[in-house]
Amino acid sequence: MLRLRNHGWLTEVFVFYGGVLPELIVPAIVYLLYCSALYAICLHVEFQLESDGTHLLAGCVTFLLVFRLQQCYLRYSHAVLFASDALCSLRSISSAVCGIFGQSKCKDKCNIDPEIVHQAETLIKVHVLRLSLAFAVSLKYQVRAA
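Rules of the game
- Residues numbered from 1 in each chain as written.
- Predicted model: local features only at pLDDT ≥ 70, side-chain atom pairs only at ≥ 80, totals over all residues.
- Heavy atoms only, no water.
- Helix = DSSP H or I, 4+ residues; strand = E, 2+ residues; numbered from the N terminus.
- Contact = heavy atoms within 4.5 Å.
- Phe/Tyr/Trp six-rings, centres within 6.5 Å; stacked < 30°, edge-to-face > 60°.
- pLDDT = per-residue confidence, 0-100.
- Expected span 1.5 Å × (residues − 1).
- Buried < 20%, exposed > 50% of the residue type's maximum accessible area, 1.4 Å probe, protein only.

**Some details on the overall build of the chain**
Item 1. Looking only at helices and strands, the chain has 5 helices and 0 strands in total.
Item 2. Along the chain direction, N to C, the helices and strands of the chain fall in the order α-α-α-α-α.
Item 3. The contacts of the chain with a sequence gap of at least 6 include a subset with a gap of at least 24, amounting to 69%.

Have a look at this one:
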């Protein structure tokens, strides 16, 4: 779901910090200067351009879309990397918790029935694994990358 702030959709589209605009502004200005220089040279040499200027505009838009696509793919690959790191860390945390509760020292030292301690350890392991799986599934659906 897309949530907009109070400023409206225009500030969400043209956000400078945290968006792709800082990455695209320098190549766009360079390409604009390049196209302007070519246009000035063509006018000076009296080279006939096409009657519709859409070809020049389409080239500029294609150039900008390539940079946008590169940034989107870079963000996607970072999301895949971070999601896999999170899931691997989650697996090690679950293994550590289950290992710690599997070697409980309370069975011998406490006056509690060992069967009750075993049931409590099993319930804790089940809850840890259940919450780990719930977090993994929610992360997968939130990021849509893993």
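Text resumes after the structure shown.
**Some words on the packing of aromatic side chains**
The geometry of an aromatic ring pair is captured by two quantities: the separation of the ring centres and the angle between the planes.
Item 1. Scanning the model with the defined rule gives 4 aromatic pairs in all.
Item 2. Measuring from centroid to centroid gives 5.0 Å for Phe-63 and Phe-67, while their planes differ by 75°, and the two rings are edge-to-face. With Phe-63 and Phe-67 both in helix α3 (residues 54-102), this residue pair falls 4 residues apart, about one helical turn.
Item 3. Members of the aromatic cluster, each reached through a chain of ring pairs, are Tyr-31, Tyr-34, Phe-63 and Phe-67.

**Quick notes on the confidence of the model for the chain**
Item 1. Model confidence for the chain is summarised by a mean pLDDT of 76, while 73% of its residues fall at 70 or above.
Item 2. Confidence, expressed as mean pLDDT per element, reaches its minimum in the chain at helix α1 (residues 9-13) with 58 and its maximum at helix α2 (residues 21-45) with 84.

**A few points about helix α5 (residues 114-143)**
Item 1. In this model α5 runs 43 Å from its N-terminal to its C-terminal C-alpha over 30 residues, within 8% of the 44 Å that 1.5 Å per residue would give.
Item 2. Of the positions making up α5, those classed as buried are Val-117, Glu-121, Ser-132, Ala-136 and Leu-139.

**Comments concerning the environment of Leu-133**
Item 1. Structurally, Leu-133 can be placed in helix α5.
Item 2. Relative accessible area serves as the criterion here: at 59%, Leu-133 is assigned to the exposed category.
Item 3. Note: C-alpha distance between Leu-133 and Leu-90 (43 residues apart in sequence) is 9.0 Å.

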